[in-house]
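# Descriptive structure summary
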Amino acid sequence: HIPKATLHSRADELLERFSLSDAANRPVKTYSGGMRRRLDLAAALVHRPPVLFLDEPTTGLDPRSRLDLWTVIEDLVAEGTTVLLTTQYLEEADRLADEIAVIDHGIVIAQGTAAQLKAGFGSTIVELSFAAGDAAGRAREAVARLGVAEVLPDARTVSLKLNEGPRAVMDVVRALDAAGCLDPERIAVREPTLDDVFLSLTGRPPEEVTELDAAPARGRAHATRGAA
């Protein structure tokens, strides 16, 4: 229901916006994966939809193309479009979303802003890496009273969740010293990510969700951006 004159000008505008003007007369089969993804999104925007649903739009894209598409989505939101985005790249949700819903087996198991979800996980994560695998188990026992401690799958790293922030790191060092013979090769202090939150909520990292493993909306983050 778009007049032809308007349609042609709108097509030219979108080709320019998505950096496809130079390839406008080429067969789509010659486009790269990133170009095809941009073309798909451009086609969805011809009629200026007020609400846009994007299902894992950056899957398979190289880092540069992914960043470009993130910029496009941010621009759409700034212009007033409401976007509902399904993704298993949680850094994507962290950057783009005003509101996030984590869905597992078809059930919303957590919802809120990125900051709210991270705050519920804990304020600080301390990771302790050891040369010998048996040291990690002893270190976990030594620091368990300070927070939630677990040995990571590599069997040489202990992850400790603390609620008191970086100030508690000295307590971690003292606990290791008191246990004796526990000299970590590396101590890393960082804030929790949405990947940490997802793993804590579902028991598995988001990248383990595959098409064979997943029913619709299983183990994904749904991110909304913009005012409805």
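Residues numbered from 1 in each chain as written. Predicted model: local features only at pLDDT ≥ 70, side-chain atom pairs only at ≥ 80, totals over all residues. Heavy atoms only, no water.

Below, the discussion takes up the packing of aromatic side chains. Throughout the structure, instances matching the rule amount to 0 aromatic pairs. In this structure, R66 is placed above the aromatic ring of Y89, and the distance from its NZ or CZ to the ring centre is 4.0 Å. (Phe/Tyr/Trp six-rings, centres within 6.5 Å; stacked < 30°, edge-to-face > 60°. Lys NZ or Arg CZ within 6 Å of the ring centre and 35° of its normal.)

A few words now on the pattern of salt bridges. Here the structure, examined in full by the defined rule, presents 10 salt bridges. The partner of R10 in a salt bridge is E13, and the shortest N-O contact between them spans 2.8 Å. Of the two residues, R10 and E13 both sit in helix 1 (residues 4-17), 3 residues apart, roughly one turn of that helix. With relative accessibility at 7%, the residue R10 sits in the buried group. For E13, a relative accessible area of 37% translates into the label partly exposed. Where R66 meets E91, a salt bridge forms, and the shortest distance between an N and an O atom there is 3.8 Å. (Salt bridge = Lys/Arg side-chain N within 4 Å of Asp/Glu carboxyl O. Helix = DSSP H or I, 4+ residues; strand = E, 2+ residues; numbered from the N terminus. Buried < 20%, exposed > 50% of the residue type's maximum accessible area, 1.4 Å probe, protein only.)

Attention now moves to unusual backbone geometry. The backbone of S19 sits at a positive phi, close to 55°, despite the residue not being glycine. Along the chain, S19 turns up in the loop between helix 1 and helix 2 (33-44). Its identity is not glycine, yet H105 carries a phi of approximately 55°, on the positive side.

On average, residues of the protein chain score 81 in pLDDT, and 86% of them are at 70 or above. Per-element confidence in the protein chain is highest for strand 1 (residues 51-55), whose mean pLDDT is 93, and lowest for strand 9 (residues 220-225), whose mean pLDDT is 61. Scored below 50 in pLDDT, residues 210-219 makes 19 contacts in the model with residues more than four places away or belonging to other chains. (pLDDT = per-residue confidence, 0-100. Contact = heavy atoms within 4.5 Å.)

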